[in-house]
Amino acid sequence: MRIIVPIKQVPETSNVRMDPVTGTMVREGVESIVNPLDLYAIETAIRLKERYRGEIIVISMGPEKAIEAIKEAVAMGCDDGILLSDKRFAGADTFATSYVLAKAIEKIGLFDLIICGERATDGDTGQVGPGIASFLDLPLSTFTSEIIKIDDKKILVKRLVEEGYEEIEMPLPAVLTVVKEISEPRLPTLRGKIKAKSIEIPIWNAEKINAEEDKIGLKGSPTRVVKIFSTKVMREGKKIVVKDEATLHKALEEILNYLIEKEFI
Ligand SMILES: Cc1cc2nc3c(=O)[nH]c(=O)nc-3n(C[C@H](O)[C@H](O)[C@H](O)COP(=O)(O)OP(=O)(O)OC[C@H]3O[C@@H](n4cnc5c(N)ncnc54)[C@H](O)[C@@H]3O)c2cc1C
């Protein structure tokens, strides 16, 4: 089984600061990590490989620094990695990002599955997985919570929907975006870390993947960010202090009256 896992390097979110003047994310001096939700995609791929054998190739579009993220995936158990990096990829929206990833996957050639994270913690759109499926004209399961069955021709998955779960069967090759429920990511092993240290990660540019100039980077991005601003909490909270049984009853009564007044109950 050949599995491709697209991963994104993102800023460590607990450290993210916004520039009060420009309203953009301050990336300087912020540590970068593998998008936390991509660890579940990596883990899912490794478990499939352990069960059915095969190869996992990790791809990432980003600056050269993103090699660190690819190496972390190798340290966890992935086999190979490719960085898609080119000055002309800069400013890509989700459309241009999906296009570049899809072109790279076409270049890689034969594969059975593409497994993406549910969304990236910085861009947060969840559009890239479906975008790749669309460019490659492949069946897609988003919010996948379980792989129930897989053989060399088809896959049966369980996916999270608003009302609960649904099961869908798709022919292979297919694209999955996975949710946390699917697996618990493992830590990198010592053996993996040694492999990651010595592995050469090739860097592919626009020519290498036969990408059309007007479909990449800012030029190929139909989305324009008009304004970025921080949200403000408009409502005021009320604090009720409970010290003993009597104040607990009073507090409950107050909350109940409030809910009745607002017609919530
Ligand atoms: C006009 C515009 C300009 C932008 N310019 C820049 C810029 O210059 N630099 C910049 O860093 N961002 C830029 N962005 C943001 C960038 O488009 C998104 O971060 C990117 O397209 C991924 O979207 P997302 O973060 O919402 O990922 P999601 O769709 O939420 O990610 C879902 C999954 O897709 C995969 N994935 C997503 N992105 C990548 C990737 N790059 N490589 C491999 N796999 C991936 C991962 O598996 C991930 O879990 C720009 C956005 C817009 C709209």
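Residues numbered from 1 in each chain as written. Predicted model: local features only at pLDDT ≥ 70, side-chain atom pairs only at ≥ 80, totals over all residues. Heavy atoms only, no water.

The name an unreviewed UniProt entry assigns to the protein is Electron transfer flavoprotein small subunit, from the organism Caldanaerobacter subterraneus subsp. yonseiensis KB-1. Taken from UniProt, the Cofactor (unreviewed entry) comment for the protein reads in full: "AMP". In the Sequence similarities (unreviewed entry) part of its UniProt record, the protein is described as follows: "Belongs to the ETF beta-subunit/FixA family." (UniProt positions renumbered as here; feature names shortened; annotations may be inferred.)

(A) Seen up close, the nonpolar core. Ranked by size, the top nonpolar core spans 38 residues in total, and within it Ile42, Leu113, Ile115, Ile155 and Leu176 carry the most contacts. Those elements that place two or more of their residues in this core are β1 (2–6), α1 (38–52), β6 (55–61), α2 (67–76), β8 (113–117), β9 (140–150), β10 (154–161) and β12 (174–178). The greatest single-element share of this core, amounting to seven residues, is contributed by α2. The next biggest cluster of nonpolar side chains, apart from the first, holds 26 residues, and it includes Phe89, Val100, Ala102 and Ile132. (Core = buried A, V, L, I, M, F, W, Y, C linked by side-chain atoms within 4.5 Å. Buried < 20%, exposed > 50% of the residue type's maximum accessible area, 1.4 Å probe, protein only. Helix = DSSP H or I, 4+ residues; strand = E, 2+ residues; numbered from the N terminus.)

(B) How the structure looks around the site of the ligand. Close to the ligand lie 27 residues, the nearest being Pro6, Lys8, Asp38, Ala92 and Thr125. Within the contact set of the ligand, an oxygen atom lies 3.4 Å away from a backbone nitrogen or oxygen of aspartate 93. A distance of 2.8 Å separates an oxygen atom of the ligand from a polar backbone atom of alanine 120. Of all the secondary structure elements, the ones that give two or more residues to the shell around the ligand are β6, α3 (94–108) and β8. (Near = heavy atom within 4 Å. Polar contact = N/O pair within 3.5 Å; in protein donor to acceptor, adjacent residues only side chain to side chain.)

(C) Broad picture of the domain arrangement of the protein. Domain annotation for the protein reports domain 1 (2–215) and domain 2 (233–265). The C-alpha-based centres of domain 1 and domain 2 are spaced at 45 Å. (Domains from an automatic or database assignment.)

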